[in-house]
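Chain by chain, the residues:
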Amino acid sequence: MFNLESPLPNTTTRHEQISRVVVTAQQMRDIEARIFAGGMPVAALMEKVAGLIARRIIELYPRSHFPCIGILVGPGHNGGDALVVARELHFQGYDIVVCCPFSKLKDLTAQNAQYVKSLGIPVYEALEPLAKCAVFVDGLFGFGLERSLASPVDRIVDQLNEWSQPVVSIDLPSGIHTDTGEVLETAVQATQTFCLGLWKIGLLQDQALDYVGQAELIDFDIPIADIQAVLESPKIQRITPQSAIATLPLKRSPVTHKYKQGHLLLICGSRRYTGGAILTGLGARASGVGMLSIAVPESIKPLLSAQLPEALIVGCPETASGAIAQLQLPEKTDLRSFDAIACGPGLTVDAKPILQEVMNSDRPLILDADGLNILAQMGTIPTLQRRQAPTVLTPHAGEFKRLFPDTVDPTSDRIAAVRAAAAQSGAVVLLKGARTAIADIDYVWINPESTPALARGGSGDVLTGLLGGLIAQATTKHIPLLEIVASAAWWHSQAGILAARDRTEMGVDAFTLTQYLISVMRSN
Ligand SMILES: NC(=O)C1=CN([C@@H]2O[C@H](COP(=O)(O)OP(=O)(O)OC[C@H]3O[C@@H](n4cnc5c(N)ncnc54)[C@H](OP(=O)(O)O)[C@@H]3O)[C@@H](O)[C@H]2O)[C@@H](O)CC1
Ligand SMILES: Nc1ncnc2c1ncn2[C@@H]1O[C@H](COP(=O)(O)OP(=O)(O)O)[C@@H](O)[C@H]1O
Ligand SMILES: [K+]
């Protein structure tokens with residue numbers, strides 16, 4: 001089990017420790033300052049970093065197929081890195097052409113520019129002379145970018161984006177805000193981004209993803225002690241396979257029985273939205289939950305029974321519109337009979353009384369879809385403040401804005417938004433998206449790997465069921481809530497990735513997704 005107190009548990013490898021860390025531009029500056037204060041020469045670090053980048057470029061773009069490389073150089077140390085890469089690739093036999101549209105460079109960058117020129121490598125202010133290059137390296141700006149790109153650099157970036165050759169961005173695609181991932185007017189659309197040293201938070205924000213391409217970390221041996229000194233109590237972490245499977249698959253005692261493996265109540269579906277209830281049930285099935293009860297409107301009970309023969313389907317009285325009118329649990333059962341309750345998919349907002357009832361229960365509660373829309377109508381914060389037990393909210397950006405209209409806009413900074421929402425509400429908030437972010441009052445976890453194949457109706461319902469089933473089991477095993485929510489998000493997206501690999505991104509409908517969930521556990 002991973003330790004939420006520290007992302008750098010000393011029981012794991014350096015690679016694992018480093019790959020969980022996420023930093024802002026300021027934190028990266030502070031970490032670098034410590035390394036330099038410790039005595040590491042700036043030029044030596046630049047040599048080391050650029051050497052690693054050059055080696056990776058040679059692997060990805062061998063000279064036999066990519067004989068000419070264009071290097072874009074900015075005024076700071078991102079440009080310095082690029083110039084050292086230029087020099088190293090030149091000595092490896094590549095034809096190098098440099099574009100540096102700046103007259104004033106930082107000292108170390110200027111020195112490297114001078115040496116590159118002395119080697120006979122052509123350096124231009126314009127981009128046009130680089131048109132025939134087979135690959136580009138973008139070293140215009142890294143985490144030092146503080147304002148929008150101005151002329152002529154903005155036009156150079158736009159021109160580069162119109163060409164079809166691959167582009168490798170050093171540290172960040174130039175033009176992307178290091179913390180929010182915002183595109184500052186214009187930005188380089190990279191094929192690959194080699195993030196240097198530690199993951200910059202902006203690379204994990206949805207709005208940057210069209211520009212980042214394939215992101216990979218170039219580890220240049222930042223001492224763990226310097227990271228820990230700056231991130232005393234690290235608040236934001238990347239989910240890694242190792243952190244996710246620390247809890248999965250959930251262990252079973254040989255003498256367990258079904259009621260010890262968690263009992264989940266799903267409350268979902270309506271006459272209008274039957275499929276959502278089925279998908280939620282199939283997501284819960286894959287979680288391995290010991291007992292599954294599903295409350296639905298009476299009229300759709302036969303459909304659910306046919307799809308989920310192992311579940312106890314509870315038919316409830318329904319409104320004229322076909323929504324659940326009231327919960328009618330079997331005799332001798334009340335909400336305390338369950339280890340967790342998940343409520344919302346396909347419910348319609350006509351099921352409002354149901355939400356009031358589950359809000360009053362003392363069981364962990366997962367709310368999704370119409371469960372969230374009803375909560376927004378009831379007043380998110382005051383309603384949640386009355387809860388006696390943990391609540392997990394799983395909104396997409398639209399639902400998030402309805403729930404938390406007065407907090408940070410998730411379209412401008414998803415990580416700040418999810419953090420603020422968790423702090424205000426006391427709930428665990430899972431903000432869905434390409435890079436799902438999950439926060440409780442203290443910590444944020446970001447799911448760094450997913451697939452757009454999941455952008456499809458019903459895939460969120462699958463997550464709700466999976467999450468509900470895992471939480472019902474985690475409750476009986478005393479696994480911390482945030483850990484299990486992060487593991488569920490990882491599991492769900494990994495199933496999407498596996499399914500897309502087998503069936504293409506077009507082939508991952510929500511039902512198919514449910515069929516891939518177990519394969520993720522088998523392959524990890
Ligand atoms: N130190 C090392 O050895 C290591 C460094 N590393 C590398 O250093 C990078 C960070 O370097 P950095 O701090 O020099 O910042 P960087 O992003 O290159 O550019 C800032 C420069 O641009 C300017 N500027 C800003 N905005 C602008 C705009 N819109 N339009 C025009 N100009 C603008 C700003 O000047 P200003 O005018 O604001 O004074 C400043 O001069 C990092 O990403 C990584 O690649 C790592 O490899 C680790 C080892
Ligand atoms: N571009 C994307 N990349 C990766 N995952 C995505 C993307 N778009 C959506 N998803 C994931 O798909 C799911 C969609 O959920 P949701 O919007 O609730 O859909 P529905 O309500 O139709 O089930 C979420 O888990 C979300 O994180
Ligand atoms: K860059």
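Located above this text is the structure these notes cover.
Remember, it's a predicted structure, so these values are computed and weren't measured experimentally.

Asks: Is there a simple way to think about the site of ligand 2 in this case?
Replies: The local shell around ligand 2 holds 17 residues, among which Lys432, Gly433, Thr451, Gly458 and Gly460 are the closest. The separation between a nitrogen atom of ligand 2 and a polar side-chain atom of Ser450 is 3.4 Å. One nitrogen or oxygen atom from the main chain of Asp461 is found 3.1 Å from an oxygen atom belonging to ligand 2. Per-element tally for the shell around ligand 2: the top contributor is helix 17 (residues 459-477), with 4 residues. Here the residues of the shell around ligand 2 sort into 5 nonpolar, 10 polar and 2 charged.

Asks: Explain the pairing of strand 7 (residues 192-196) here, please?
Replies: If a strand is regular, its side chains alternate between the two faces of the sheet. Judged by how many residues are buried, strand 7 sits mostly within the fold: 5 of 5 residues are covered. Along strand 7, one buried face is formed by Gln192, Phe194 and Leu196 and the opposite face, lined by Thr193 and Cys195, is buried too. The sheet contact formed by strand 6 (residues 167-170) and strand 7 spans 3 bridges and is parallel. What sits directly across from Ser169, in strand 7, is Thr193. Across 5 bridges, strand 7 lies against strand 9 (residues 214-218) in parallel orientation. Paired with Cys195 across the bridge in strand 9 is Leu217.

Asks: Please clarify how the site of ligand 1 should be interpreted in this entry.
Replies: Lining the immediate environment of ligand 1, one finds 23 residues, of which His77, Asn78, Lys106, Gly142 and Asp171 sit closest. In this structure, an oxygen atom belonging to ligand 1 sits 2.6 Å away from a main-chain N or O atom of Gly142. Notes on ligand 1: free accessible area 930 Å², of which the protein chains cover 82%. Secondary structure elements with two or more residues in the shell around ligand 1: helix 2 (25-37), helix 3 (42-60) and helix 4 (77-91). It is helix 3 that provides the largest number of residues to the shell around ligand 1, a total of 4 residues. When its residues are assigned to classes, the shell around ligand 1 shows 11 nonpolar, 6 polar and 6 charged.

Asks: Quick question: what am I supposed to make of the coordination of the potassium ion (ligand 3) here?
Replies: Angles between donor atoms at a metal ideally measure 109.5 degrees for a four-coordinate tetrahedral arrangement and either 90 or 180 degrees for a six-coordinate octahedral one. Within the protein, Asn78 (OD1), Asp138 (O), Phe141 (O), Ile170 (O), Leu172 (O) and Ser174 (OG) serve as the donor atoms for the potassium ion (ligand 3), at 2.6 to 3.0 Å. Considering all 6 donor atoms around the potassium ion (ligand 3), angles at the metal cover 68 to 170° and the coordination shape is irregular. All donors to the potassium ion (ligand 3) come from one chain, and their sequence spacing reads N-x59-D-x2-F-x28-I-x1-L-x1-S.

Asks: For this particular structure, what's the right way to read the packing of helix 17 against helix 19 (residues 510-522)?
Replies: A pair of packed helices is characterised by two quantities: the angle between their axes and the separation of those axes. Closest axis-to-axis distance for the helix 17/helix 19 pair is 8 Å, and the angle between their directions is 35°. Seen along the crossing, helix 17 lies across helix 19 with a hand that is right-handed. Contacts between helix 17 and helix 19 pair Ser459, Val462 and Leu466 from the former with Ala510, Leu513, Thr514 and Leu517 from the latter. Partitioning the contact of helix 17 with helix 19 into residue classes produces 5 nonpolar, 2 polar and no charged.

Asks: Quick question: what am I supposed to make of the environment of Gln17 here?
Replies: Along the chain, Gln17 falls in helix 1 (residues 14-20). When the C-alpha positions of Gln17 and Ile278 are compared, they lie 39 Å apart, and in sequence the two are 261 residues distant.

Asks: Please clarify how the sheet that holds strand 5 (residues 135-139) should be interpreted in this entry.
Replies: Backbone hydrogen bonds are what pair the strands of a sheet, in a parallel or an antiparallel way. Spatially, the 7 strands line up as an open sheet ordered 4-3-2-5-6-7-9, and their pairing is parallel. Strand pairing shows two members of the sheet lacking a second neighbour, strand 4 (123-124) and strand 9, which therefore form its edges. Relative to strand 4, strand 3 (residues 95-99) runs parallel, the two sharing 2 bridges. For Cys99, the partnering residue across the bridge sits in strand 4 and is Tyr124.

Asks: How should unusual backbone geometry be read in this particular structure?
Replies: Both trends apply: most residues other than glycine have a negative phi, and most peptide bonds are in trans. Put simply, Ser151 and Pro152 share a cis peptide bond, and its omega is 5°. Here the bond from Leu248 into Pro249 is cis, since omega is -15°, no more than 30 degrees from zero. Residue placement: Pro249 occurs in the loop between helix 9 (241-245) and strand 11 (263-267). Even without being glycine, Glu185 reaches a positive phi, approximately 70°. Inspection of the secondary structure assignment puts Glu185 in the loop between strand 6 and strand 7.

Asks: What is the right way to read the side chain of Ser169 from this model?
Replies: Within the secondary structure, Ser169 is located in strand 6. Residue Ser169 is classed as buried on the basis of its relative accessible area of 0%. Here Asp138 takes part through its side chain, which lies 2.6 Å from a polar atom of the side chain of Ser169.

Asks: Teacher, can you tell me more about the packing of aromatic side chains here?
Replies: The geometry of an aromatic ring pair is captured by the separation of the ring centres together with the interplanar angle, meaning the angle of the planes. Taken as a whole and judged by the stated rule, the model has 4 aromatic pairs. Seen from their ring centres, Phe102 and Phe141 are 5.8 Å apart, and the 85° between their planes marks the pair as edge-to-face. With Phe102 in the loop between strand 3 and helix 5 (107-118) and Phe141 in the loop between strand 5 and helix 6 (153-162), this pair connects stretches of sequence that are 39 residues apart. Of the two residues, Phe102 and Phe141, neither departs from the other in class, the shared state being buried.

Asks: Could you clarify how one ought to interpret the pattern of salt bridges in this entry?
Replies: Between side chains of opposite charge, a pair can form as their charged atoms come close. For the coordinates displayed, the defined rule picks out 18 salt bridges. Among the ionic pairs, Arg34 bridges to Asp226, the shortest N-O distance being 2.9 Å. Of this pair, Arg34 sits in helix 2 while Asp226 sits in helix 8 (residues 224-230), and the two are 192 residues apart along the sequence. Note on Arg34: relative accessible area 39%, which makes it partly exposed. Look at Asp226 and you get buried, because its relative accessible area is 12%. In this structure, Asp362 engages Arg363 in a salt bridge whose closest nitrogen and oxygen atoms are separated by 3.1 Å.

What counts and what doesn't
- Residue numbering note: each chain is counted from 1, following its sequence as written.
- As they are written, the chains are lettered A onward and the ligands numbered 1 onward, keeping that order.
- Per-residue local features of the predicted model are confined to residues with pLDDT of at least 70, and side-chain atom pairs are confined, for both listing and counting, to 80 or more; whole-chain, interface and lining totals are unaffected and use all residues.
- As a rule here, side-chain values cover all heavy atoms of the structure and leave hydrogens and water aside.
- Near residues are defined by distance, with any heavy atom within 4 Å of the molecule or strand qualifying the residue.
- Pairs of N or O atoms within 3.5 Å make up the polar contacts considered here, provided that, within protein, one atom can donate a hydrogen while the other can accept it, and that residues adjacent in sequence are counted only when both atoms are side-chain atoms.
- Think of it this way: any DSSP run of H or I at least four residues long counts as a helix, any run of E at least two long counts as a strand, and we number them from the N terminus.
- Note on residue categories: nonpolar means Ala, Val, Leu, Ile, Met, Phe, Trp, Tyr, Cys or Pro, charged means Asp, Glu, Lys or Arg, and polar means any other residue, Gly included.
- To sort residues, take the accessible area from a 1.4 Å probe on protein chains only and compare it with the maximum for the residue type: under 20% means buried, over 50% means exposed, and anything in between is partly exposed.
- Here, a strand pair is defined by DSSP locating no fewer than two bridges between the strands.
- Working definition of accessibility: Shrake-Rupley area with a 1.4 Å probe, residue cover restricted to the visible protein chains.
- Nitrogen, oxygen and sulfur within 2.8 Å of a metal are treated as its donors, or within 3.2 Å for sodium, potassium and calcium (Na, K, Ca); water is not counted, so a site can appear incomplete.
- Tetrahedral means four donors with every angle between 85 and 135 degrees, whereas square planar (four donors) and octahedral (six donors) require angles over 155 degrees between opposite donors and between 65 and 115 for all others; sites fitting neither are termed irregular.
- Fitting a line to C-alpha atoms yields each axis, with helices limited to the stretch in contact; the angle taken between N-to-C directions then spans 0 to 180 degrees.
- It is the rotation of the near helix from the far one that decides the hand of a crossing: anticlockwise by less than a right angle makes it left-handed, clockwise makes it right-handed.
- Any two residues whose heavy atoms approach within 4.5 Å are treated as being in contact.
- Between rings of Phe, Tyr and Trp, where Trp is taken as its six-membered ring, a pair exists when centres lie within 6.5 Å; planes separated by under 30 degrees are stacked, by over 60 edge-to-face, and by other angles tilted.
- In the sections that follow, a salt bridge refers to a side-chain nitrogen of Lys or Arg positioned within 4 Å of a carboxyl oxygen of Asp or Glu.

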